[in-house]
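Fold and contact review
Next come the chains, spelled out residue by residue.
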Amino acid sequence: MLSRVTRTLVTTTVVLVTVGGLLGVLVGDDAPADALDGVLVGLAVAVAVGVHLLVRSAAGRGVEASAPESAEDSVERRVWVAASSAAFVDAVSVLVLVVLLGLWSDGEWSRWLPLAGLAAVLVDLGVRVRRGWREQVGGA
Amino acid sequence: MRSRVRELRSAAGLTQADLADRVSVSRRTIISIEQGRFDPSLPLAFRLARVLDTRVDELFIPDDDGDPAVVVRSDEGAV
């Protein structure tokens, strides 16, 4: 499984770096410098994708992945799936809001918008997990 | 949904952990089912019924308590 992750990661990196460089040349005025900027942006995205893939892979190979709590029919899994599904819809709305506010704002504070959005999504997920847990399992 | 899981599990001499292990879920899942807080999926309901040597419709009772097996035709009066 790790080799599959590595192959995906290498392919993703090459594609993102190439696309980033091409976009840098096409969009920018100063071709070599903009191409380099594009490559760096592509590389940054590839690093983010790589971290995501490695975390997913590690989670799938971890002890918790084979625990009964992770079984498809366990209450823990059902609570998590229900909460994350609902939170995903909210996360998309928050993302749209962050984008719109970012487009219309020119203040220094706008750089904190993504962080505020992330915090809102994490709190939303936490509240939904807690509520689902109380309904399906009980207790605090 | 109410269930007879606790009753049949006790009759079979199984602990919650034993039953959870046999149907491949967490012990907390069995506790929640027995408390009527958690409705199991259909595959889990069948696994529970198989381990407890019963039928799904004898293991779980819907809250509305309608008996789908009793049908009264319009030209028949209820006895």
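Residues numbered from 1 in each chain as written. Chains lettered and ligands numbered in written order. Predicted model: local features only at pLDDT ≥ 70, side-chain atom pairs only at ≥ 80, totals over all residues.

1. With respect to the overall build of chain B
On a plain count of helices and strands, chain B comes out with five helices and two strands. Taken from the N to the C terminus, the helices and strands of chain B come in the order β-α-α-α-α-α-β. Taking all 79 residues of chain B together, the buried fraction comes to 22%. (Helix = DSSP H or I, 4+ residues; strand = E, 2+ residues; numbered from the N terminus. Buried ≥ 20, exposed ≤ 12 C-beta atoms within 10 Å, placed from the backbone.)

2. Things to note about the overall build of chain A
Across its full length, chain A holds four helices and zero strands. Ordered by position from the N terminus, the helices and strands of chain A form the series α-α-α-α. Within chain A, the proportion of its 140 residues that are buried is 11%. In chain A, once contacts between residues fewer than 6 apart in sequence are set aside, the share between residues at least 24 apart is 53%. (Contact = placed C-beta atoms within 7 Å.)

3. Points about the interface of chain A and chain B
Counting residues at the interface gives 10 residues for chain A, matched by 14 residues for chain B. In terms of residue class, the side of chain A that touches chain B is built from four nonpolar, three polar and three charged. (Nonpolar A, V, L, I, M, F, W, Y, C, P; charged D, E, K, R; others polar.)

4. Structural notes on helix H3 (residues 75–104) of chain A
Compared with the 44 Å implied by 1.5 Å per residue over 30 residues, the 43 Å span of H3 of chain A between its first and last C-alpha is a close match. Among the residues of H3 of chain A, those classed as buried are Val75, Glu76, Val79, Ala83 and Ala87 of chain A. Contacts from the buried residues of H3 of chain A go to helix H4 (113–136) of chain A together with helix H3 (27–34) of chain B. (Expected span 1.5 Å × (residues − 1).)

5. Things to note about the environment of Leu53 of chain A
Residue and element names in this part refer to chain A. With respect to the helices, strands and loops of the structure, Leu53 is situated in helix H2 (residues 31–61). Here Leu53 falls in the partly exposed class, since 16 other C-beta atoms lie within 10 Å of it. Through-space distance from the C-alpha of Leu53 to that of Thr8 is 8.8 Å; in sequence the pair is 45 residues apart.

6. Topic: the environment of Ala116 of chain A
When you line up the elements, Ala116 of chain A lands in helix H4. Distance in space between the C-alpha atoms of Ala116 of chain A and Val94 of chain A is 9.5 Å, their sequence separation being 22 residues.

7. A look at helix H2 (residues 16–23) of chain B
Residue and element names in this part refer to chain B. Taken residue by residue, H2 has Leu19, Ala20 and Val23 as its buried positions. Buried residues along H2 cover an arc of 100° about the axis, so they all sit on one side. Contacts from the buried residues of H2 go to helix H1 (5–11), H3 and helix H4 (42–51). Of the residues one or two after H2, Ser24 is the one with positive phi, at around 60°. (Arc of directions from axis to C-beta.)

8. Focus on unusual backbone geometry
All names here are of chain B. Phi at Ser24 takes a positive value of approximately 60°, unusual for a residue other than glycine. Tracing the chain through its elements places Ser24 in the loop between H2 and H3. Non-glycine residue Asp53 carries a positive phi angle of around 55°. Note that Asp53 resides in the loop between H4 and helix H5 (56–59). For Asp53, a count of 9 C-beta atoms within 10 Å puts it in the exposed group.

9. Concerning the confidence of the model for chain B
Overall, the predicted model of chain B reaches an average pLDDT of 84, with 81% of residues at or above 70. Overall, residues 68–74 of chain B carries pLDDT values under 50, and its contacts beyond four positions in sequence, including any with other chains, amount to one contact. (pLDDT = per-residue confidence, 0-100.)

10. Digging into the nonpolar core
Ala20, Val23, Val25, Ile30, Leu44 and Leu48 of chain B are the most contacted members of the largest nonpolar core, which has 16 residues in total. Of all the secondary structure elements, the ones that give two or more residues to this core are H3 of chain A together with H2, H3 and H4 of chain B. Here this core gets four residues from one element, more than from any other, and that element is H3 of chain A. Contact partners of Ala20 of chain B, with chain neighbours within four places excluded, come to Pro68 of chain A together with Val25, Ser26, Arg27, Thr29 and Ile30 of chain B. (Core = buried A, V, L, I, M, F, W, Y, C linked by C-beta atoms within 7 Å.)

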